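Structure at a glance
Residues per chain are reported as follows:
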Amino acid sequence: MKLWNAVRHFRTITKHKQMVMENCFKVGLYKQGLLHDLSKYSWEEFRIGVKYYQGDRSPNAAEKEEKGYSVAWLHHKGRNKHHFEYWIDVSLNKEEGLVGNKMPVNYVAEMLCDRIAACEVYRGKNYTSAAPMEYYEFTKKYITIHPETRALLEKLLTILKDGGEESAYAYIRKLLKKGSY
C-alpha cells in the first residue's frame, strides 16, 4: 500500500508541478515555472505526502488533522515564496505582532498559477474558473496577508472567475511588465 501511495503521490505532485509550470510559462515566468514546488520532492515533504495521501486534497491537511500541525507544510511554506505565508513576519512595530508583508508581483503571479493548478488537480472535471475564488472565499477570513497583496489576489481571482484564465494571464503579464502593483 505504501509503495502504491508513493506512486500516486508522485504522480499527483508531478502533474501539479507541470500544470503550474505551463501556467507560469503563459505569463513569462519561465524560471519560476521550472523551479516551482521542488521541495515537494524532498524527503521531509514527500514521505508525509505518501503517509497521508488521499488523492482529493492535500496530504498536509490530513497530517494537520492528526497532529494539530503539518511538518510538511511548515517545511514547504518556508521554502516557496509563492505562498503568502512565506511573507509573514513580526512587524517593525512589535506591538502589531505578526503581519503579512507585501509580496513581489512575480510571486503573486506564481501564487495564482499555483491556485489554478491545485484546483484543477483536486477538482478534476468539476473544475471551473470560479474554483480558485471559491477556495479563497472559504479561507480568506483567517489568513494573514498584506492588504495590497490581498487586494491584488482578489482582483486576479475575480478576473479569473469572470473572464477566464486568458484574461487573468493577460492582466498578470501587464503587471509583470510594469514590475509592481
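Described in the following lines is the structure provided in the data block. Quick caveat, the model's predicted, so the values are computed rather than measured. (Residues numbered from 1 in each chain as written. Predicted model: local features only at pLDDT ≥ 70, side-chain atom pairs only at ≥ 80, totals over all residues. Heavy atoms only, no water.)

1. Thoughts on the layout of surface pockets
Counted as a void, the largest pocket has a volume near 1,400 Å³. As for the largest pocket, its lining consists of 41 residues, and the residues nearest its centre are S58, N60, W73, H83 and Y135. Broken down by secondary-structure element, the contributors of at least two residues to the lining of the largest pocket are α1 (2–27), α3 (43–51), α4 (59–67), α5 (71–77), α6 (105–123) and α7 (131–139). Per-class residue counts for the lining of the largest pocket are 17 nonpolar, 11 polar and 13 charged. Lining the second largest pocket are 14 residues; nearest its centre among them are L35, R79, K81, Y107 and E110. Counting residues per element, the ones that place at least two in the lining of the second largest pocket are α2 (30–35) and α6. By residue class, the composition of the lining of the second largest pocket is three nonpolar, six polar and five charged. (1 Å grid on protein atoms, 1.4 Å probe; cavity = no way out; pocket = protein on both sides within 12 Å on 5 of 7 lines; lining within 4 Å. Points joined across faces, edges and corners; volume = space filled by probe spheres on them. Helix = DSSP H or I, 4+ residues; strand = E, 2+ residues; numbered from the N terminus. Nonpolar A, V, L, I, M, F, W, Y, C, P; charged D, E, K, R; others polar.)

2. Remarks on the pattern of salt bridges
Two side chains that carry opposite charge are able to pair once their charged atoms sit near each other. Inspection of the entire model under this criterion finds nine salt bridges. Measuring nitrogen to oxygen at the nearest pair gives 3.6 Å for the salt bridge that ties E44 to R47. In this pair, E44 and R47 both sit in helix α3, three residues apart, roughly one turn of the helix. Since its relative accessible area comes to 34%, R47 is described here as partly exposed. In this structure, the salt-bridge partner of K161 is D162, at a minimum N-O distance of 3.4 Å. (Salt bridge = Lys/Arg side-chain N within 4 Å of Asp/Glu carboxyl O. Buried < 20%, exposed > 50% of the residue type's maximum accessible area, 1.4 Å probe, protein only.)

3. Description of the nonpolar core
Counting 35 residues, the largest nonpolar core has M103, L112 and I172 as the members making the most contacts within it. Of all the secondary-structure elements, those providing two or more residues to this core are α1, α6, α7, α8 (147–163) and α9 (165–178). The dominant element in this core, judged by the number of residues it contributes, is α6, at 11 residues. (Core = buried A, V, L, I, M, F, W, Y, C linked by side-chain atoms within 4.5 Å.)

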